[in-house]
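The primary structure of each chain is shown beneath.
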Amino acid sequence: MSDRISASDPEIERLEGMAPEPGQLLDQPTSVWRTALRRFLHRKISIAGMVLVGLMAVMAIFAPLIAPYGPNEVLIGKQDVRRFEDPCIHLLGCPESQPQHILGLDENVRDLFSRIVYGSRVSLTLGLSTVTVAIVIGAALGAIAGYRGGWVDNILMRLMDVVLGFPGFLLAIAIVAVLGPGLRNTLIALAVVTIPQYARVMRASVLSIKEVDYVAASRALGASSSRILLTRIAPNAITPLIVLGTLGIASAILEAAGLGFLGLGAQPPLAEWGTMLAENRNRVFSDPHLVFFPGLAIMITVLGFNLIGDGLRDALDPALNE
Amino acid sequence: MTSYITRRILLAIPVLIGLLVVTFFLVRLIPGDPCTAILGEKATPAACRSFDQRYGLDDPIPVQLVIYVKQIFQGNLGDSLQSSRPVTQIMVERLPLTIELTVTALFLAVLIGIPLGLLSARRHNSAADVATMTFANIGVSMPVFWLGLLLQYLFALILKDTFFALPPSGRLSAGVLPVPFYEVWGWAVNTHTMWGGFLEFIGEFAIFNAFITGDWHLLWDAVTHLILPGIALATIPLAIIARITRSSLLEVLGKDYIRTARAKGALERRVVAKHAFRNAMLPVVTIVGLQLGLLLGGAVLTETVFNLSGVGKSLYEAITARDYAVIQGFVVVIASGYVIVNLLVDISYGFLDPRIRYE
Amino acid sequence: MKTTRWVALLALFGLIVAACGSSTTDTTETTAATTTTVAPATTTTAPAEPSADFQGESLDAGSCDYGGKIESITALDEFTVEFDLCSSDPAFLQKAAFTPFGIQPEEHLQETGGAPLDNPIGTGPFMLEQWDRGNQIVFKANPDYYGQVPAFDTLVYRWATEGAQRLLELQSGNVDQITNPSPEDFQTIQDDPNLQFIPIANPNVFYMGFTNTFAPFDDVNVRQAIAKGIDRQRIVDNFYPDGSVVASHFTPCAIPNGCTGDDWYDFDPEAARQQLADAGFPDGFSTKIFYRDVFRTYLPDPGAVAVEIQTQLKDNLNIDAEVVVMESGDFIDQSTSGNLDGIHLLGWGADYPHITNFLDFHFNENQTQFGNNFPEIYDALKQGAKIGNPDDAVDVYTTANNAIKDLVPMIPIAHGAAASAALASVEGANYPPFGAPQFEFTNPGKDTFVYMQNNEPISLYCADETDGESLSPCQQVVEPLYTYAIDSGDVVPRLATSCDPNEDLTVWTCHLRTGVTFHDGSTFDANDVVASWSVGLDASNPLHVGNTGGFDYFAYLWDGLMNAEG
């Protein structure tokens, strides 16, 4: 059983509980995956989440085809339009003489729809990168801590506790304040704040297999322990990380928007949903389209990842599957 | 049991110390110095020299660290660089509001989240499941300032002059001044003493204070001002509580003893209510406790949007102004609070779940 | 469930405690809490003649060697104060009317150790009742005020950082007047019959600054080329509210001699490209645009304007400019020290209505913001500072303005329009071009008037504050010798009935108003004036404490503090 050194967050615990049982290791990893995938696809929640995320992914990949203008294309002088122009959709009655901008124009006279479409690239990349970095570093730390044990384990987990002791968003603000505003520093700040969770989960996985390690090693055909670590433990230990990671993408996108609201996130003229929302927060009553559509884009994406995460957890948690 | 508790407490101490030291250095890493940040466009070298001297900022770093740690153990969190007031005083004024807001938010989150989770678990993998989880997750998927602005617009403008109108921001209405209970009752209290300071702290809980002095006008005013921010802030724990209730209940429902009860022919509802529910609630209770600690420091955006001078907003402003004393002091208190809450949750978990005690 | 049990217990506890407590109080009738002891002002009949046994105090630097503007301040008798200056100052009254130079009772300054941070005592139309930290400040009308007694009982200051929040509060009827609505909402306010739109005529300017110690901005041709290559009208048309104008000069025309001399360059992209090519940059160059994301009337939308300038530089001159946002304090520090290698976006709002506040502050011999200084400009300014009557100084300032145009230390872009908004039901709602609203002239038709500004004050001792959010509430309570008129940049007598200068404007003799009492009942006399000024101006004064101890406006407007260290 895992030795909980710090606070027991039931969510983390559940994920720690998804650490592979010793018996599972001797199964073929691929069959475990296949069953999980089947279960995942059976759940309506997963489907719903995948539809939403898929929509955003399509938007991101085919952005140049979907968006009528460039994300930073200023239209002053090129078209007879003003800042904050309301949406004009020809199909819905807007006169043909006016140029079509289905979501209107923003504060620098750029097409809002195009910016939102290109913004999906930024947000998805940001979310994926943050989580990837955090998982890689966190899992490495957790694996080392779990495998080596002893004082290495203690020091590393203490460190994780200190980071966890700070309110996450405030620590992110502090880190960005130190490093300076910008997208790259936002990524670093959010990654740092979330590393401890992945470390703990990975550590739990590794711990539960550690004793079996020797048994399996002795039974195996002379395979080295590191080989076992890589080929047997890692694929199985990844499952809770994936669940956490999916939810992590959702919160990374949201927290980046929050940092943007405080002026610390992506900087102009980059088309990032959170920054777009933040810049126009004072125009929520006079030009609601500027606030509504970026907010909606964030909501759909984040909701999608949250639902996928829930579905994954259901599919992969052995305790839930009778 | 005692060894379990002692062990947890001992393990918490190095974490707290680590927090103190990390905060100290982190804050000094932020570019820009307090003098320019606070005195602004008119900061001259002479002014900054006297400023730095006054606040001990010209001492070497190790000296500052030692003074800082020493003062904390004396209960002195230093003076704010912006307003020259003791940080403890500012904390006494700000913390109660954040606690009231957090409690309101948690109350709403539990009220809505648990039934949602139950519903979802009962109708596992159905359209109702999806709908419920979507609803629970919508709140947490929306940027909280967006939601806040929408709520304000709805309740303060559209519903203005109706029964449902709510004040859009602030803690109390203009001109409504709270009177601490000890003044109402004619006690002579010196707020500069420890006991006096504690009484002042209690008096700052506007709702509680109004309640015990029987000032219903003030009570109503304070409560109505907390409804909208409470809703906005509740969306975060609501999703988590719904989710954990759902998965916890699902897990329990799948357990052997439930199967046994079902096999014995007990009614489905009774099975759920009696056995599953109680056991499933353990992790939920834990989560609620943890959220309390989390929300205390994390309500920055809500407090900003609704103009509530709580801990989160003050901390953000202090970071912007490089007010080292406030940042250090507040982080120490918040983080300690979080660690202590975790400790209490751990200990209570030990009481609730006998298996844990014997690790 | 656990939670409900706790709630029930808590409620029970509360009920028990309440039952043991005393009777309820009516909270609308609050007693002054722990902050200020405000005794009702008594009307004493003060003698019109100064009393013979009055001991006048004085502050004397001894000589002008310390480098400041003021040599001494002396109470000649109970109602006369003389200011001796080291050099002539045509703007003496305009500066003295500034809120940091408000007068508080000498005894009160002593009692508070030089730091009446949350309990100022003054002579103004309002008295401080309580500062409910974080939430609001409550004032009561001063019934014994010698000027216009307010038409309502209670004045409340509140604050919200976002323009949309402030407007929402106004529209929902919770506040009566707000400051700085978002420029995008100007039209909404004007169209709303329940609100009134109040334009503010505060002079300000927004400019693109160069640091001419960094290449290629060390070449005046490059600077001139950029000046011709920016379409300033397009910026004002698109990014500023109605009422804003393109700057023809650095100083707004409302300031005497602000607009003498030639108008700024016209937008001429071909000429600009040609000049840039001649200077050696036919394909442009790379640089940076530095700014801070802070709302100011001179630049309400910094982010959008930065991007716009970036676009224009690229389209018109093929200059690649990276937009860099900096933290506010850091930005001010670096830009004013001349450390930024690139273009910086900054502006200036008038402190007092005189051209020296604009030109001298930015283009004097010792300034570091724009790099090297130009004698063509600062010599002319030095001459102008000696001339009292603006009409006599026209030629001098024409020279200065033309030199600024030729040498392009910066490019002035716009004078931003500012506004306030109030409920239509408020009579006499105002926002003067200088200073804070004068609430004694408003009538909301009810007992309480609620005003909402951007932020909470830092303290209420304005001798040691510089932010507008502190100066505004201070001004309601504490008064200087003169003050600004409600609708122009003129100064009008306040605690002084007149201040008469000598021939060369180096000695100002101020005659004080008699029969005035402070809010605590004490009598106002010349020693209070000397004390209030000394505490700020003399660094060696034991009461020179304040909040941060900077007393910045004393140092800045009077060229330095007496007995300052280092």
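Summarised in this report is the structure supplied together with it. (Residues numbered from 1 in each chain as written. Chains lettered and ligands numbered in written order. Predicted model: local features only at pLDDT ≥ 70, side-chain atom pairs only at ≥ 80, totals over all residues. Heavy atoms only, no water.)

Right, let's talk about the overall build of chain A for a bit. Secondary structure assignment for chain A yields 12 helices and zero strands. Within chain A, the fraction of its 322 residues that count as buried is 58%. Of the contacts made within chain A by residues no fewer than 6 positions apart, 76% connect residues no fewer than 24 positions apart. (Helix = DSSP H or I, 4+ residues; strand = E, 2+ residues; numbered from the N terminus. Buried < 20%, exposed > 50% of the residue type's maximum accessible area, 1.4 Å probe, protein only. Contact = heavy atoms within 4.5 Å.)

Residue and element names in this part refer to chain C. Tracing the backbone shows D525 in the loop between β20 (507-512) and α15 (526-537). For the buried D525, no salt bridge exists, and the shortest N-O distance to an oppositely charged side chain is 14 Å, to R513. A polar atom in the side chain of D525 sits 2.9 Å from the backbone nitrogen of N527. (Lys, Arg positive; Asp, Glu negative; His and termini not counted. Salt bridge = Lys/Arg side-chain N within 4 Å of Asp/Glu carboxyl O. Polar contact = N/O pair within 3.5 Å; in protein donor to acceptor, adjacent residues only side chain to side chain.)

Turning our attention to unusual backbone geometry. Residue and element names in this part refer to chain C. Residue A215 is joined to P216 through a cis peptide bond whose omega torsion reads -5°. Following the sequence through the fold, P216 ends up in the loop between β9 (204-210) and α6 (220-229). In this structure, D559 is a non-glycine residue whose phi angle is positive, near 60°. As for its placement among the helices and strands, D559 is situated in the segment after α16 (552-557).

This part covers the side chain of S472(C). All names here are of chain C. Here S472 shows up in helix α14 (residues 468-477). Polar contacts involving the side chain of S472 include one to the side chain of Y157, which spans 2.8 Å. Those residues in contact with S472 that sit more than four places away from it in its chain are Y157, A436, P437, Y451 and Q453.

Attention now goes to a negative patch on the surface. Residues and elements named next belong to chain C. Together, D262, D263, D266, D268, E376, D379 and D406 give the surface a local cluster of negative charge. You can see D266 is positioned in the loop between β10 (245-246) and α8 (269-278). We classify D266 as exposed; its relative accessible area is 63%. (Patch = residues over 30% accessible without salt bridge, like charges linked within 9 Å, V, L, I, M, F, W, Y side chains within 5 Å. Areas by Shrake-Rupley, 256 points an atom, 1.4 Å probe, with all protein chains shown as cover. Charge placed at Lys NZ, Arg CZ, Asp CG, Glu CD.)

Below, the discussion takes up the sheet that holds strand β19 (residues 496-501) of chain C. All names here are of chain C. Pairing is antiparallel across the open sheet formed by five strands, whose spatial order is β1-β2-β3-β20-β19. Each having just a single partner strand, β1 (58-60) and β19 make up the two edges of the open sheet. Pairwise comparison of adjacent strand axes, ignoring direction, gives a mean angle of 20° for this sheet. Note that strand β2 (residues 70-77) and strand β3 (residues 80-85) share six bridges and pair antiparallel. Residue pairing for β3: S72 is matched across the bridge by D84. Across the sheet, α15 lies against β1, β2, β3 and β20, angled at about 160° from β2, the strand it touches most. (Pairing = 2+ DSSP bridges. Axes fitted to C-alpha atoms, helices over the stretch in contact; angles between N-to-C directions.)

Right, let's get into empty space enclosed by the protein. Summed over the entire model, instances satisfying the criterion amount to 18 cavities of 30 Å³ or more. If you add up the space inside the second largest cavity, you get close to 130 Å³. L170(A), A174(A), L26(B), I327(B) and V331(B) are, among the 13 residues lining the second largest cavity, the residues nearest its centre. Every element with two or more residues in the lining of the second largest cavity is listed here: α8 (168-179) of chain A together with α1 (2-29), α15 (311-320) and α16 (324-352) of chain B. (1 Å grid on protein atoms, 1.4 Å probe; cavity = no way out; pocket = protein on both sides within 12 Å on 5 of 7 lines; lining within 4 Å. Points joined across faces, edges and corners; volume = space filled by probe spheres on them.)

Counting residues at the interface gives 21 residues for chain C, matched by 19 residues for chain A. Each partner contributes to the roughly 1800 Å² buried at the junction of chain C and chain A, and carbon and sulfur atoms together form 51% of this total. Per-residue buried area on chain C facing chain A is highest for E162(C), E184(C) and N238(C); these three make up 28% of the total on that side. One can count one residue pair in polar contact (both at pLDDT 80 or more) joining chain C with chain A. Contributions of two or more residues to the side of chain C that touches chain A are made by α4 (163-171), α7 (232-239), α9 (302-317) and β12 (320-326) of chain C. No other element matches the five residues that α9(C) contributes to the side of chain C that touches chain A. Across the side of chain C that touches chain A, the residue classes break down as eight nonpolar, six polar and seven charged. (Buried area = accessible area lost by both parts, 1.4 Å probe. Nonpolar A, V, L, I, M, F, W, Y, C, P; charged D, E, K, R; others polar.)

Right, let's get into the nonpolar core. Among the nonpolar cores identified, the biggest contains 156 residues, and I173(A), L262(A), I298(A), I241(B) and F330(B) are the most heavily contacted of them. Element by element, the count of residues in this core is highest for helix α5 (residues 87-122) of chain B, at 13 residues. When near neighbours in sequence (up to four residues on either side) are disregarded, I298(A) contacts I253(A), L254(A), A257(A), W273(A), G274(A), L277(A), S141(B) and P143(B). The next biggest cluster of nonpolar side chains, apart from the first, holds 129 residues, and it includes W264(C), Y291(C), W348(C) and Y553(C). (Core = buried A, V, L, I, M, F, W, Y, C linked by side-chain atoms within 4.5 Å.)

Glancing now at a nonpolar patch on the surface. Residues and elements named next belong to chain B. Taken together, the side chains of I9, L10, I13, I17, V21, F25 and I61 define a hydrophobic patch exposed on the protein surface, amounting to about 570 Å² of accessible area. In terms of residues, the nonpolar patch owes the most to one element, α1, which gives six residues. Within the element layout of this structure, V21 appears in helix α1.

Another aspect to go through is the interface of chain A and chain B. Residue-level contacts link 57 residues of chain A with 62 residues of chain B. Here chain A and chain B share an interface that buries about 5200 Å² over both sides, 70% of which is from carbon and sulfur atoms. Counting across the interface, chain A meets chain B through one salt bridge. Note that D310(A) is salt-bridged to R243(B), the shortest N-O span being 3.0 Å. For the interface between chain A and chain B, the tally reads two residue pairs in polar contact (both at pLDDT 80 or more). Ranked by residue count, the leading element in the side of chain A that touches chain B is helix α12 (residues 288-316) of chain A, at 13 residues. Residue composition of the side of chain A that touches chain B, by class: 34 nonpolar, eight polar and 15 charged.

This part is about the pairing of strand β4 (residues 126-132) of chain C. Residue and element names in this part refer to chain C. In terms of burial, β4 is a largely internal element, seven of the seven residues being buried. Bridge count between β4 and strand β5 (residues 136-141): six bridges; the pairing is antiparallel. Of the residues in β5, the one forming a bridge with F126 is A141. Hairpin connection from β4 to β5: three residues lie between these consecutive antiparallel strands, with G134 at a positive phi of about 85°.

Further remarks concern helix α13 (residues 394-407) of chain C. Residue and element names in this part refer to chain C. Counted at 1.5 Å a residue, the expected span for α13 with its 14 residues is 20 Å, and the 20 Å between its end C-alpha atoms agrees. For α13, the elements touching its buried residues are α6, α11 (355-363), α12 (375-384) and β14 (410-415). Count one or two residues on from α13 and you reach V408, which has phi positive near 40°. (Expected span 1.5 Å × (residues − 1).)

Residue and element names in this part refer to chain C. The final tally for this structure, using the stated rule, is 46 aromatic pairs over all chains. Considering the side-chain rings of Y553 and Y556, the 5.9 Å spacing of their centres and the 45° angle between planes classify their relative orientation as tilted. One end of the pair is Y553 and the other is Y556, both in helix α16 and three residues apart, which spans about a single turn. For the residue pair Y553 and Y556, the accessibility class agrees, reading buried in each case. Joined through ring pairs, the aromatic side chains of F83, F92, F101, Y461, W508, W533, F551, F554 and W558 make up one cluster. One Lys or Arg, R133, reaches over the ring of W131 and ends 3.7 Å from the middle of that ring. Against the face of Y265 rests K405, its NZ or CZ located 4.8 Å from the ring centre. (Phe/Tyr/Trp six-rings, centres within 6.5 Å; stacked < 30°, edge-to-face > 60°. Lys NZ or Arg CZ within 6 Å of the ring centre and 35° of its normal.)

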